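Report on the structure
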Amino acid sequence: MNFNEAKNDILQVFSKTERQHLPKLLEWLKTSGDLDDFLVDNQSVILQSIAEDLRSCLPLEAMAPSETMAIQKTQQKPHPTVHVDAFLYDEEIVDSLCEEGKMSRNYCLNCGSHRTAPLEFISHSFSIPELQFLFRNVLPDLTGKLVVDVGSRLGAVLFGGYLYSAASQLMGVEMSSEFVKLQTMAVQKYGFSDRIQVIHADIRSQAALVQNTDVLIMNNVFEFFMEPSDQMQAWLFINKNFRKKGALLVTVPGIQEALTLLQDAVFLEKLALSQWIEEVQLDYTVYLKNDTDPDSLKQIHLYTVL
């Protein structure tokens, strides 16, 4: 992005009153060398605004009524776990909600006692810092590339890709009609429709799309939302159609962990991971900032298609 493009981008998020103070700021940015950092912050503001819009449309747990299986699987985990969408709720917002009594980080070991233990939080979305790390440090220049997010939910990857990359097209494939409507609302409100499209579909019906994809992103996409037999079918579908040499696959968690509960010998033989993809080693320390959870970054894995 050059300076004039950046200037127009910045102007969009300031009111008319505030704009009178911008010339000096823009001139300082132009000469100070801090333009990139300023733009990252500005793009974060846009993402935070989208998250605020979405929070107003969703219950606190940010789960769609149709996601009964995901809710049940979360409740069945051995350690008490709650879904807290990392895109909607950063640490500061979670702290505020805890102070207001609307959310808790702990659960009672014995009802009525003061013995408590920390709850585990799980998210099916990337946080804003994770999106910055993904598009600025994990992935290469995406100019002219097609990025597909499998199970795009609230659109965090699509919005992050729009703001932090030059990808020519960002496609979200989502089975929940409720989430498709919310993503479409945000795309239209923020003027992202020139590069973002959301499809209401099961990824297994999108063979042509997957075959043409340059970057495929999968965040907790099958385990919580499908029975094991369907998970295996979905993985075999991806394996069969995502074959463009040099294409990139991003998964959370890593594929080996995602397949832990799918230890079917015939399935694993068909998948033949070592003949399909190769993991790319990432430097997780390159983006460690004060508000970044290093463990969450280490959940992000990158693979290249052989």
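Residues numbered from 1 in each chain as written. Predicted model: local features only at pLDDT ≥ 70, side-chain atom pairs only at ≥ 80, totals over all residues. Heavy atoms only, no water.

1. A closer look at the overall build of the protein
- Across its full length, the protein carries 15 helices and eleven strands.
- By residue count, 49% of the 306 residues in the protein fall in the buried class. (Helix = DSSP H or I, 4+ residues; strand = E, 2+ residues; numbered from the N terminus. Buried < 20%, exposed > 50% of the residue type's maximum accessible area, 1.4 Å probe, protein only.)

2. Remarks on the packing of aromatic side chains
- Scanning the model with the defined rule gives five aromatic pairs in all.
- Ring plane angle 85° and centroid distance 5.5 Å describe the contact between Phe 222 and Trp 235, whose orientation is recorded as edge-to-face. Within this pair, whereas Phe 222 is found in the loop between β8 (215–219) and α11 (228–241), its partner Trp 235 is found in helix α11, the two being separated by 13 residues in sequence. Take Phe 222 and Trp 235: they sit in the same class, and that class is buried.
- A network of ring pairs unites the aromatic residues Phe 159, Tyr 162, Tyr 190 and Phe 192 as a single cluster.
- The cationic tip of Arg 195 hangs over the ring face of Tyr 162; the distance from NZ or CZ to the ring centre is 4.4 Å. (Phe/Tyr/Trp six-rings, centres within 6.5 Å; stacked < 30°, edge-to-face > 60°. Lys NZ or Arg CZ within 6 Å of the ring centre and 35° of its normal.)

3. Some points on the pairing of strand β7 (residues 196–200)
- The sheet contact formed by strand β6 (residues 169–174) and β7 spans five bridges and is parallel. Residue pairing in the sheet places Glu 174 in a bridge with His 200 of β7.
- Regarding the hand of the β-α-β motif, the stretch spanning β6, helix α9 (residues 177–189) and β7 is right-handed. (Pairing = 2+ DSSP bridges. Right-handed = clockwise from strand over helix to strand, strands pointing away.)

4. Concerning the side chain of Arg 195
- Here Arg 195 is to be found in the loop between α9 and β7.
- Residues in contact with Arg 195, not counting those within four places in the same chain, are Gly 161, Tyr 162, Ser 165, Ala 166, Ala 167, Ser 168, Gln 169 and Leu 170. (Contact = heavy atoms within 4.5 Å.)

5. A look at the pairing of strand β11 (residues 301–305)
- In terms of burial, β11 is a largely internal element, five of the five residues being buried.
- Where strand β9 (residues 248–252) meets β11, four bridges bridge the pair, whose relative direction is antiparallel. Of the residues in β11, the one forming a bridge with Leu 249 is Tyr 303.

6. Some details on the environment of Lys 181
- With respect to the helices and strands, the residue Lys 181 is situated in helix α9.
- Taking relative accessible area as the criterion, Lys 181 reaches 61% and is therefore assigned exposed.
- Taking the C-alpha atoms as reference points, Lys 181 and His 200, separated by 19 residues in sequence, lie 9.2 Å from one another.

7. So, the pattern of salt bridges
- One pass over the full model with this rule turns up four salt bridges.
- Where Asp 53 meets Lys 189, a salt bridge forms, and the shortest distance between an N and an O atom there is 2.9 Å. Of the two residues, Asp 53 sits in helix α4 (residues 35–55) while Lys 189 sits in helix α9, which places them 136 residues apart along the sequence.
- Owing to a relative accessible area of 55%, Lys 189 belongs among the exposed residues under this scheme.
- One network of salt bridges, in which partners are shared, links Asp 202, Arg 204 and Asp 230. (Salt bridge = Lys/Arg side-chain N within 4 Å of Asp/Glu carboxyl O.)

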